[in-house]
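Chain by chain, the residues run as shown.
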Amino acid sequence: MTRLLDLGILDGPVLVFGGPYGNLEATEVLLAEATSLGIGPSRILCTGDVVAYCADAQATVERIRGAGMAVVQGNCEESLGSDADDCGCGFEEGTACDTLSAQWYAYARQTLDADAKKWMADLPRRITFTMAGRRWAAIHGGVERVNRFLFASTAEADLADELDTAGVEGIVAGHCGLPFTRHVGTRLWHNAGVIGLPANDGTPRVWYSLLTPGTKGITVEQRSLEYDHGAAARKMVKRGLPQGYANALHSGLWPSLDVLPAAERKATGRPLAARSVSWPR
Ligand SMILES: [Fe+2]
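Residues numbered from 1 in each chain as written. Predicted model: local features only at pLDDT ≥ 70, side-chain atom pairs only at ≥ 80, totals over all residues. Heavy atoms only, no water.

**Q** How do you make sense of the packing of aromatic side chains when you look at a structure like this?
**A** Aromatic rings considered in pairs are described by the distance between their centres and by the relative angle of their planes. A complete count under the given rule lists eight aromatic pairs for this structure. On the basis of an interplanar angle of 15° and a centroid distance of 6.5 Å, the ring pair of F91 and F149 is categorised as stacked. Note that F91 is positioned in the loop between α3 (75–81) and α4 (96–111) and F149 in the loop between β6 (134–138) and α6 (156–166), a separation of 58 residues in sequence. Taken together, a centroid distance of 6.1 Å and an interplanar angle of 10° make the contact between F149 and F151 stacked. What makes F149 partly exposed here is its relative accessible area of 23%. When its relative accessible area of 3% is taken as the criterion, F151 is described as buried. Cation over ring: R134 sits above W279, and NZ or CZ is 4.5 Å from the ring centre. (Phe/Tyr/Trp six-rings, centres within 6.5 Å; stacked < 30°, edge-to-face > 60°. Helix = DSSP H or I, 4+ residues; strand = E, 2+ residues; numbered from the N terminus. Buried < 20%, exposed > 50% of the residue type's maximum accessible area, 1.4 Å probe, protein only. Lys NZ or Arg CZ within 6 Å of the ring centre and 35° of its normal.)

Structure, rendered in structure tokens:
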């Protein structure tokens, strides 16, 4: 059964982020940013994959749990929560992502305690809320398939189908690792990106979003953060995690582009800009 959580009406700015990936340094900077913006845990949403590539699996779970925000169950939480043999990311067998995932997933599985895994297993699969009179759902990948990769270049009809399935006007998703916002007819699809790895844009910055309700609708701002990526990368190397992801924290370039559609591959190394989108247009 799909576990759902409804947050009711959110009438102030909401901070959304995805993929902490066990990157404690980035998580601390994100939480400090929320504090400096005056946004408390009742208006912070995480789209899942709290633990993946980086070194501080347990500490990152504790920090996110302790902060008291709502968290969507990602494929990593689903897999770790059920003690599955792999991350369930949806990587094709034999690809670089698949090979590397065996290493970081085994490390996360070994490092997390039973209480953290239980917390992951119990997380909601979908979180709904109302903002500026519009119904939203926060999910991880797709509405029904947790590891579905949906990108900025995904066909509009596919995003529309997902919105239909959820029965909402706006979706906040995660999983694909890249921030973007798409108007889907009169509806909206937003991915806040992730804070645990850069956005394959050739810079070490990581991304989160602010959804702000106003009298005419909602503003969706895509914002970057800088953090001590050197410290996070050094820990990964010290703990024997894949060098490719440790290097990515510095270079801003992913070690493999296996999961990316052609348009996103082509954008490799092009620095992303902060962006603000109004909805309705
Ligand atoms: Fe994911």
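That covers the picture; the talk isn't over yet.
**Q** I would appreciate a short explanation of the coordination of the iron ion in the present structure.
**A** For a metal bound by four donors in a tetrahedral arrangement, the ideal donor-metal-donor angle is 109.5 degrees, while six donors in an octahedral arrangement ideally sit at 90 or 180 degrees. The iron ion binds to the protein through D49 (OD), N75 (OD1), H140 (NE2) and H175 (ND1), with metal-donor distances spanning 2.0 to 2.2 Å. Metal-centred angles of 83 to 152° between the four donor atoms at the iron ion mark the site as irregular. In the primary sequence, the donor residues of the iron ion line up as D-x25-N-x64-H-x34-H. One end of the pair, N75, is in helix α3; the other, H140, is in the loop between β6 and α6, with 65 residues separating them in the sequence. Of the two residues, N75 and H140, both sit in the buried class. (Donors = N, O, S within 2.8 Å, 3.2 Å for Na, K, Ca; no water. Tetrahedral: all angles 85-135°; square planar, octahedral: opposite > 155°, others 65-115°.)

**Q** Looking at this structure, I do not really get the sheet that holds strand β8 (residues 179–184). What am I missing?
**A** Note: strands within a sheet are paired through backbone hydrogen bonds, in either parallel or antiparallel orientation. In space, the six strands of this open sheet follow the order β1-β5-β6-β7-β9-β8, with mixed pairing throughout. Every other strand in the sheet has two partners, leaving β1 (4–9) and β8 as the edge strands with one partner each. Neighbouring strand axes in the sheet, compared pairwise and without regard to direction, differ in orientation by 15° on average. By the bridge criterion, four bridges tie strand β7 (residues 170–173) to strand β9 (residues 187–192) in an arrangement that is parallel. Along β9, the bridge assignment pairs I171 with W189. (Pairing = 2+ DSSP bridges. Axes fitted to C-alpha atoms, helices over the stretch in contact; angles between N-to-C directions.)

**Q** I'm lost on the pattern of salt bridges in this one. Help?
**A** Within the structure shown, the criterion is met by 17 salt bridges. Across the salt bridge formed by R223 and E221, the nearest N and O atoms sit 3.2 Å from each other. The exposure class of E221 is partly exposed, given its relative accessible area of 22%. Residues participating in the shared-partner salt-bridge network are E25, D56, K235 and R239. (Salt bridge = Lys/Arg side-chain N within 4 Å of Asp/Glu carboxyl O.)

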